[in-house]
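Below, each chain spelled out in residue letters.
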Amino acid sequence: MFRAVIEGTGSCLPEYKLTNDKLEKLVETSDEWITSRTGIGCRRIAGPGEGTSKLSAEAARRAMDMAGVAAEDISMIIVGTITSEMTMPSCACMVQKEIGAVNAYAFDISAACSGFIYGLELADKMIKAEPEKKILVIGAENLSARVNWRDRNTCVLFGDGAGAAVIGADESGRGLLASKLFSDGRLGDLLYMDSAPSMNPYINMDPAEAGDFDPARLGCPLDDEGSYIKMAGREVFKNAVLAMENSVDQVLDEAGVSGRDIDWIIPHQANIRILHNLGERLGVPQEKIFINIHKYGNTSAATVPIAFDEANRGGLLKSGDLILTCAFGGGFTWGAEIIRW
Ligand code: UT7
């Protein structure tokens, strides 16, 4: 049986680092609070030339380089994002143009933080039908454009970035072994973001004009009623823990493996406490959970592919390793997947 296998990974992060110390000057918060409640120490903010599609395209180029796949050989581009620069064309079509993937068809999926794992399952279905295809699955966000920089409940959490994977077919037992994806629209009002496109205005500025990051220039609303991310944090936290545990139990069952067989957990990075809970419950030691939330915060759909790329380039993933990935996000959307590396 053919399975989707990751042949190359890439990521691209904006240059600018917004540390907890800098946030202390913007809202009433502290490095101690942010670090102890979330594990986040820094996040990247997109600057000139670092829009969602540009970061995605660079992550895609790096993944294609690693896979040894040319842009003309890509037949499908899927971008998981909730912060495309435009509503139309999609971020995926912008990426197609940027990298010259002239033989691909391209589209976005809006599944919030689960965007990449949703894309991976779609790619697997496509690979089973047409194993000669090469598919780009990308997760990318410009969340800094959609954060209310006066709301300490949310602005400390999110960041910008992109990750990509080139997917091909494998018949040797490697690849996506099992996938369990879910959504529940009834809980949508616990984490949402209404209307309009997402383009942090820095992206179109000359570097000389842009200067240092200043949230006031992102159009921060006076009345806090803009189209910004709104989240009932504690409720989302509880739901995220339960939903991830449930989907992980189901995907382990489907793959016929147990938590103790897992070599790496490469999860969505929303809160370090959620990840430690998950590891403890599965009996997976903390050093086997790949964590980079301290560097980038929550980049929604981008966290999983960025983490895959860093783990991969860091030489942590060995051929044959059993990897569990899982995500939870607005919608709600969530799920878990098992990959034989
Ligand atoms: O990726 C999509 C899915 N998202 C998630 O999975 C995120 C899930 N939620 C969380 O990670 C956590 O709920 C948060 C990190 C968002 C919040 O942590 P918490 O431990 O649930 O805190 P809380 O919301 O219960 O707030 C505790 C206190 C409150 O003060 P009072 O009411 O107890 O006086 C908040 O006002 O902490 C206060 N607070 C802050 N204090 C300093 C909230 N944000 C901040 C802040 N700095 N940035």
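Residues numbered from 1 in each chain as written. Predicted model: local features only at pLDDT ≥ 70, side-chain atom pairs only at ≥ 80, totals over all residues. Heavy atoms only, no water.

The mixed open sheet is built from five strands, whose spatial order is β1-β7-β6-β4-β5. At either end of the open sheet lies a strand with only one pairing partner, and these are β1 (3-12) and β5 (105-109). Shown here is a sheet whose adjacent strand axes are inclined to one another by a mean of 20°, direction ignored. Pairing analysis gives eight bridges linking strand β6 (residues 134-142) to strand β7 (residues 160-170), with the strands arranged antiparallel. By the bridge assignment for β7, Ile 135 is matched with Ile 167. (Pairing = 2+ DSSP bridges. Helix = DSSP H or I, 4+ residues; strand = E, 2+ residues; numbered from the N terminus. Axes fitted to C-alpha atoms, helices over the stretch in contact; angles between N-to-C directions.)

Here we take up the domain arrangement of the protein. Each domain of the protein was delimited in the assignment, giving domain 1 (3-172) and domain 2 (176-189 + 229-340). Summarising the inter-unit geometry, the C-alpha centres of domain 1 and domain 2 are found 16 Å apart. In this assembly, 48 residues from domain 1 lie in contact with 41 residues from domain 2. In total, about 3500 Å² of surface goes out of reach between domain 1 and domain 2, with carbon and sulfur atoms giving 61% of it. Among the residues of domain 1 in contact with domain 2, Cys 113, Ile 117 and Tyr 118 are the three that bury the most area, contributing 19% of the side total. Run the count over domain 1 and domain 2 and you get zero salt bridges. (Domains from an automatic or database assignment. Contact = heavy atoms within 4.5 Å. Buried area = accessible area lost by both parts, 1.4 Å probe. Salt bridge = Lys/Arg side-chain N within 4 Å of Asp/Glu carboxyl O.)

Looking now at helix α11 (residues 303-313). Among the eleven residues that make up α11, ten are buried, leaving the element largely enclosed by the rest of the structure. Where α11 ends, the next residue or the one after it, Gly 315, has phi of about 75°, a positive value. (Buried < 20%, exposed > 50% of the residue type's maximum accessible area, 1.4 Å probe, protein only.)

With that settled, consider the side chain of Ser 75. By the element assignment, Ser 75 lies in strand β4 (residues 74-80). What Ser 75 contacts, discounting residues up to four positions off in sequence, is Asn 103, Ala 104, Tyr 105, Lys 133 and Lys 134.

Our focus in this paragraph is the site of the ligand. Around the ligand sit 24 residues, and of these Thr 29, Arg 37, Arg 234, Asn 271 and Asn 298 come closest. Counting only elements with at least two residues in the shell around the ligand, the list comes to α2 (31-38), α6 (152-155), α8 (233-255) and α9 (272-282). A per-element tally of the shell around the ligand places α8 first, with five residues. A per-class count over the shell around the ligand returns twelve nonpolar, seven polar and five charged. Split by domain, the shell around the ligand shows at least three residues from each of two domains, domain 1 (3-172) and domain 2 (176-189 + 229-340). (Near = heavy atom within 4 Å. Nonpolar A, V, L, I, M, F, W, Y, C, P; charged D, E, K, R; others polar.)

Buried residues dominate β4, accounting for seven of its seven residues. With six bridges connecting them, β4 and β6 associate as parallel partners. The residue of β6 that forms the bridge with Ile 74 is Lys 134. Looking at chain direction, β4 and β5 are connected through five bridges and run parallel. Paired with Ile 78 across the strands is Phe 107, a residue of β5.

One pass over the structure, following the stated rule, counts 15 salt bridges. We note a salt bridge from Glu 245 to Arg 281, for which the minimum N-O separation is 3.1 Å. In this pair, Glu 245 is assigned in helix α8 and Arg 281 in helix α9, connecting sequence segments 36 residues apart. Residue Glu 245 is classed as buried on the basis of its relative accessible area of 15%. The salt bridge partner of Arg 281 is Asp 249, with a shortest N-O separation of 3.0 Å. Pair noted here: Arg 281 is in helix α9 and Asp 249 is in helix α8, with a separation of 32 residues, a long-range link.

Considering all chains together, one arrives at eight aromatic pairs under this definition. The structure contains a cluster of three or more aromatic residues connected by ring pairs, namely Tyr 16, Trp 149, Tyr 202 and Phe 213. Sitting over the ring of Trp 264, Lys 288 keeps its end group 5.1 Å from the ring centre. (Phe/Tyr/Trp six-rings, centres within 6.5 Å; stacked < 30°, edge-to-face > 60°. Lys NZ or Arg CZ within 6 Å of the ring centre and 35° of its normal.)

This brings us to the sheet that holds strand β11 (residues 264-265). Note on sheets: strands pair through backbone hydrogen bonds, and any given pair is parallel or antiparallel. In space, the four strands of this open sheet follow the order β8-β13-β12-β11, with mixed pairing throughout. Here the strands that pair on one side only, and so sit at the sheet edges, are β8 (175-183) and β11. Relative to strand β13 (residues 333-340), strand β12 (residues 322-329) runs antiparallel, the two sharing eight bridges. Residue pairing in the sheet places Ile 323 in a bridge with Ile 339 of β13.

β13 sits mainly inside the fold: seven of its eight residues count as buried. Sheet analysis places β8 next to β13, joined by eight bridges and oriented antiparallel. Considered in β13, the bridge of Ser 183 is made with Thr 333. Connecting β12 to the next strand, β13, in antiparallel fashion are three residues, including Gly 331 with a positive phi near 145°.

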